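# Architecture and fold: a report
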Amino acid sequence: MKTIQFREAICEAMSEEMRRDDTIYLMGEEVAEYNGAYKASKGMLDEFGPERVIDTPISELGFAGIAIGSAMNGNRPIVEYMTFNFSLVGIDQIINNAAKIRQMSGGQFNCPIVFRGPTASAGQLGATHSQAFESWFANTPGLKVIVPSNPADAKGLLKAAIRDDDPVIFMESEQMYGDKGEVPEGDYLIPIGVADIKRAGTDVTIVSFGKIIKEAYTAADELEKESISCEIIDLRTVRPLDINAVLESVKKTNRLVILEEAWPFGNVSTEITYQVQEQAFDYLDAPIVKINTADTPAPYSPGLLKEWIPNSNDVVKAVKKVLYR
C-alpha cells in the first residue's frame, strides 16, 4: 500500500490504462498544458503527447460529441468536465447518443467512454456551480454512475470504468482532490456495482456515497460515545445500485438512515427508500429517514451554505430519531 492524494489516484488510473491500451485518450478543458484544472492529469501530456491528451475549447457539446463518435469507431475516450455543472451544455450528447446508441443500433455500435469530473458543492461557488447530478444520470438506462469517496476506491473504480464497454459517468469532488489515503500498489480493479461496508455496526444502517459520507463517519464516532453502533455502507456506484448490500444490513440493524448531498425530490435516497420498504418492510423497526440538502438552489453566503448542506449533527439527530431516543 502507498499513501497518495485523490487527484494522484485519478491520474494513476488514467495513465496506467493508457499505457496498457493505445485506443484510450483524455480530452477536456485544461487537461493538457495546465495539467488539469485540479491537477488530476499532471504529467500526462509529457508522457502521452498532444494526440492522446487533448485540450479542448470551452465547448462541452462539441467535444462530448467528438468523443462519442470516436468511441463508436473503436476508441475509448475519457472526457473530463471541469465540473458536471458544465456537462449540462453537452447532456444531449450523453443522454441521447452515448446512453442509447447500443440499443438504437441493434448492438452494431457500443460506446466505451468515461465522462468524469467533480459533482455537487465545493464551498462558495454559487448556485450554478454547486449541483449534484448523480440521480439525473442514474435515471438514464444505458449509463453507469460511479461516485467514489476515497483514493483507493477512485483508482480501482476508474480503471474498471475505462475498461467497461458501456458509457460510465464518474463523479468526483473538488473538495476531495487533496484527500490522502492508502492505495494498493500494482494493477487492481474494483467491480462496478458493488457497495462496501466501511464500518460494521449493529444498531442502525447509514447509507451514503461521495464526499458527504465523511459526515457519516464523524456522526458515527460521536454516537459511539453513547454506545450506539452504526453500520456505514458506501454505495460507490449508484447505477447499478447494490441494493442487496443495503437490504442485508437493514435486516441486521432494523433501521436505516440515508445521507445524500442532493435535492430532496426524486433522488438516489428516494429510490433506496422505496426498494427497502418494498423488499424488507417487515424488518424495519422505524420509518426510514433520508437526509438531503435544503430544497433550494445552493446559496453563496457561507452562513446559509452551512445550513443548506447536510452535516454530522443532522446524521446524529436522524439516527436518534430512528432509535426513538
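In case you missed it, the structure is sitting above this.
Everything in this summary refers to the structure shown in the same document. What you see is a predicted model; the values in this text were computed from it and never measured. (Residues numbered from 1 in each chain as written. Predicted model: local features only at pLDDT ≥ 70, side-chain atom pairs only at ≥ 80, totals over all residues. Heavy atoms only, no water.)

### Section: the pattern of salt bridges
A side chain with one charge may pair with a side chain of the opposite charge, provided their charged atoms come close. Condition: For this analysis, a salt bridge means a side-chain nitrogen from Lys or Arg found within 4 Å of a carboxyl oxygen belonging to Asp or Glu. To qualify as a helix, a DSSP run of H or I must reach at least 4 residues; to qualify as a strand, a run of E must reach at least 2; elements of each kind are numbered from the N terminus. Relative accessibility decides the category of a residue: with a 1.4 Å probe and only protein chains considered, values under 20% of the type maximum give buried, values over 50% give exposed, and everything between is partly exposed.
Here the structure, examined in full by the defined rule, presents 27 salt bridges. In this structure, R116 engages E172 in a salt bridge whose closest nitrogen and oxygen atoms are separated by 2.7 Å. Linking R116 in strand β5 (residues 114-118) with E172 in strand β7 (residues 168-172), this pair joins segments that are 56 residues apart in sequence. Across the pair, E172 and R116 agree in class, each one buried. For D179, the salt bridge identified is with K214, shortest N-O distance 2.5 Å. Taken together, the residues span a long stretch of sequence, with D179 in the loop between β7 and β8 (180-183) and K214 in helix α8 (residues 213-224) at a distance of 35 residues. Look at K214 and you get partly exposed, because its relative accessible area is 33%. A single network of salt bridges, built from pairs that share partners, joins K2, E12, E16, E17, R20, K155, K159, R163 and D187.

### Things to note about the sheet that holds β5
The condition that has to hold: Only strands joined by at least two bridges in the DSSP assignment are considered to pair. Think of each axis as a best-fit line through the C-alpha atoms, taken over the contacting stretch in the case of a helix, with angles from 0 to 180 degrees between the N-to-C directions.
Taken in spatial order, the seven strands of this open sheet run β3-β2-β4-β5-β7-β6-β12, and their pairing is mixed. Strands at the two margins of the open sheet, each flanked by one partner only, are β3 (53-55) and β12 (237-239). With strand direction ignored, the average angle separating the axes of adjacent strands in the sheet is 20 degrees. Alignment of strand β6 (residues 144-146) against β12, held across two bridges, turns out to be antiparallel. Opposite I146, over in β12, you have T237 as the bridge partner.

### Some points on the sheet that holds strand β10 (residues 204-208)
Strands sit in the order β9-β11-β10-β13-β14 across an open sheet of five strands; the sheet is mixed. Two strands close off the open sheet at either side, each with one partner strand: β9 (196-199) and β14 (289-291). Strand-to-strand twist across the sheet, computed as the mean angle between neighbouring axes with direction ignored, equals 25 degrees. Here β9 runs beside strand β11 (residues 230-234); their pairing, made up of three bridges, is antiparallel.

### Digging into the packing of α8 against helix α12 (residues 312-322)
Stated precisely, the cut-off is as follows: Roughly parallel means an angle under 35 degrees; roughly antiparallel, over 145; roughly perpendicular, 65 to 115; everything else is oblique. Put simply, a crossing is left-handed when the front helix is turned counterclockwise from the back one by less than a right angle, and right-handed when it is turned clockwise. Any two residues whose heavy atoms approach within 4.5 Å at even a single point are treated as in contact.
In contact at an axis separation of 8 Å, α8 and α12 are set at 55 degrees when each is read in the N-to-C sense. By the angle class used here, α8 and α12 are oblique. Once α8 is placed against α12, the crossing between them reads as right-handed. Residues E215, T218, A219, E222 and L223 of α8 lie in contact with α12, whose contacting residues are S312, V315, V316, V319 and K320.

### With respect to the side chain of Q93
Rules: In protein, a polar contact requires one atom able to donate a hydrogen and another able to accept it; more generally it is a pair of N or O atoms within 3.5 Å, and residues adjacent in sequence count only if both atoms are side-chain atoms.
As for its placement among the helices and strands, Q93 is situated in helix α4 (residues 91-98). A polar contact of 2.7 Å, which involves the side chain of Q93, links it to the side chain of N97. Contacts of Q93, omitting those with residues within four sequence positions, involve L61, A64, G65, I68 and A98.

### A look at helix α3 (residues 60-72)
Threshold: By this rule, a helix spans an expected 1.5 Å times one less than how many residues it contains.
The first and last C-alpha atoms of α3 sit 18 Å apart over 13 residues, in line with the 18 Å expected at 1.5 Å per residue. Residues of α3 that are buried: E60, F63, A64, G65, A67, I68, S70 and A71. Against the buried residues of α3 lie β2 (24-28), β4 (76-80), α4 and β5.

### Thoughts on empty space enclosed by the protein
Quick note on the threshold: A pocket, in this scheme, is an open set of points on a 1 Å grid over the protein atoms alone with protein on both sides within 12 Å along at least 5 of 7 lines, while a cavity is a set where a 1.4 Å probe fits but cannot get out; residues line either one if an atom lies within 4 Å of a point. Grid points are joined across faces, edges and corners, and a volume is the space filled by probe spheres set on the points. Put simply, Ala, Val, Leu, Ile, Met, Phe, Trp, Tyr, Cys and Pro go in the nonpolar bin, Asp, Glu, Lys and Arg in the charged bin, and everything else, Gly too, in the polar bin.
Within this structure, the stated rule accounts for two cavities of 30 Å³ or more. Within this model, the largest cavity holds a volume of roughly 90 Å³. Lining the largest cavity are 14 residues, and of these E134, F209, G210, K211 and E261 sit closest to its centre. Looking at the lining of the largest cavity residue by residue, the class counts come to six nonpolar, three polar and five charged. Space inside the second largest cavity adds up to approximately 40 Å³. In the lining of the second largest cavity, the residues fall into four nonpolar, three polar and one charged.

### Describing the packing of aromatic side chains
Cut-off, in case you're wondering: Stacked, edge-to-face and tilted labels apply to pairs of Phe, Tyr and Trp rings (six-membered ring for Trp) whose centres lie within 6.5 Å, assigned for plane angles under 30 degrees, over 60, and everything in between, in that order. In this scheme, Lys NZ or Arg CZ marks a charge over a ring once it lies within 6 Å of the ring centre and within 35 degrees of the ring normal.
As enumerated under the stated definition, the model contains seven aromatic pairs in all. Summarising the aromatic geometry, the rings of Y38 and Y177 are spaced 5.0 Å apart at their centres and angled 10 degrees between planes, so their arrangement reads as stacked. Here Y38 is found in the loop between β2 and α2 (44-48), whereas its partner Y177 is found in the loop between β7 and β8, with 139 residues between them in sequence. Exposure class is identical for Y38 and Y177. Each is buried. The interplanar angle of 65 degrees and the centroid separation of 4.7 Å between the aromatic rings of F133 and W136 together place this pair among those described as edge-to-face. A connected cluster of aromatic rings, assembled from ring pairs, spans F63, Y81, F84, F115 and F137. The side chain of K39 reaches across the aromatic face of Y34, ending 3.5 Å from its centre.

### Description of the packing of α3 against α4
Where α3 contacts α4, the axes come no closer than 8 Å and their chain directions differ by 25 degrees. By the angle between their directions, the pair α3 and α4 is classed as roughly parallel. Contacts between α3 and α4 involve L61, A64, G65 and I68 on the former and, on the latter, Q93, I94, N97 and A98. A per-class count over the contact of α3 with α4 returns five nonpolar, three polar and no charged.

Any link to function would need more than the numbers given here.
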